[in-house]
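Spelled out, the chains give:
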Amino acid sequence: MESTVREQQVLQARAALILAARRRSLVTYKELGLAIGMTGVSLSHHMGRVLDELSDVCIEAGEPSLAALVVKSDTGAPGKGFDDGGVPWHSEVQEVFRYWAKQ
């Protein structure tokens, strides 16, 4: 996948997840995939890369990671690739909600 395509997907994911954060809602991997035009590919493989890059963008901007809002549809929890840096996932989600409620 070309890096410019991934960069565009990261920006689209960021926009979709900021909207979700302001609505105080979680988004499934499939929903986010549809929102950024990622269909017909292995979501777990490609979405992980998009979310990793999105997390880097958030951290560089001094924001909590929007990737915390993306969950598996069957469990309502993040996938095994989610790294909370030692912070409980639910706490990270609440931090994202608080941050974007102020913006």
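Residues numbered from 1 in each chain as written. Predicted model: local features only at pLDDT ≥ 70, side-chain atom pairs only at ≥ 80, totals over all residues. Heavy atoms only, no water.

Secondary structure assignment for the chain yields four helices and two strands. When the elements of the chain are put in sequence order from the N terminus, they spell out α-β-α-α-β-α. Classification of the 103 residues of the chain by burial places 39% in the buried group. Here the analysis covers contacts within the chain between residues at least 6 apart in sequence; of these, 64% occur between residues at least 24 apart. Taken as a whole, the chain presents about 6100 Å² of accessible surface, with 50% of it coming from carbon and sulfur. (Helix = DSSP H or I, 4+ residues; strand = E, 2+ residues; numbered from the N terminus. Buried < 20%, exposed > 50% of the residue type's maximum accessible area, 1.4 Å probe, protein only. Contact = heavy atoms within 4.5 Å. Areas by Shrake-Rupley, 256 points an atom, 1.4 Å probe, with all protein chains shown as cover.)

Attention now goes to the side chain of Ser 55. Turning to its location among the elements, Ser 55 is positioned in helix α3 (residues 43–60). Ignoring anything within four residues of it in the chain, the contact list for Ser 55 reads Ser 65 and Ala 67.

Tallied over the entire structure, the rule returns one aromatic pair. Residues Tyr 99 and Trp 100 carry aromatic rings whose centres are separated by 5.1 Å and whose planes lie at 80° to one another, so their mutual orientation is edge-to-face. Residue classification places Tyr 99 among the partly exposed positions, given a relative accessible area of 23%. (Phe/Tyr/Trp six-rings, centres within 6.5 Å; stacked < 30°, edge-to-face > 60°.)

Leu 17, Leu 32, Met 47, Leu 51, Leu 54, Leu 66 and Leu 69 are the most contacted members of the largest nonpolar core, which totals 27 residues. Secondary-structure elements contributing two or more residues to this core are α1 (3–22), α2 (29–35), α3, β2 (70–71) and α4 (89–102). For Leu 32, the residues in contact, after removing those within four places along its chain, are Ala 13, Ala 16, Leu 17, Val 27, Met 47, Leu 51 and Val 70. (Core = buried A, V, L, I, M, F, W, Y, C linked by side-chain atoms within 4.5 Å.)

A word on the environment of Val 96. Secondary-structure assignment places Val 96 in helix α4. Its relative accessible area of 0% is what places Val 96 among the buried residues. Once the C-alpha coordinates of Val 96 and Ala 20 are considered, the two residues, 76 residues apart in sequence, prove to be 10.0 Å apart. Sequence-distant contacts of Val 96, defined by excluding residues within four places in its chain, comprise Ala 21, Pro 64, Ser 65, Leu 66, Ala 68 and Leu 69.

It is worth spelling out unusual backbone geometry at this point. With a phi close to 55°, Arg 24 is a non-glycine residue in the positive phi region. Inspection of the secondary structure puts Arg 24 in the loop between α1 and β1 (27–28). What makes Arg 24 partly exposed here is its relative accessible area of 49%.

The next subject is the environment of Glu 95. Relative to the assigned elements, Glu 95 resides in helix α4. The exposure class of Glu 95 is partly exposed, given its relative accessible area of 36%.

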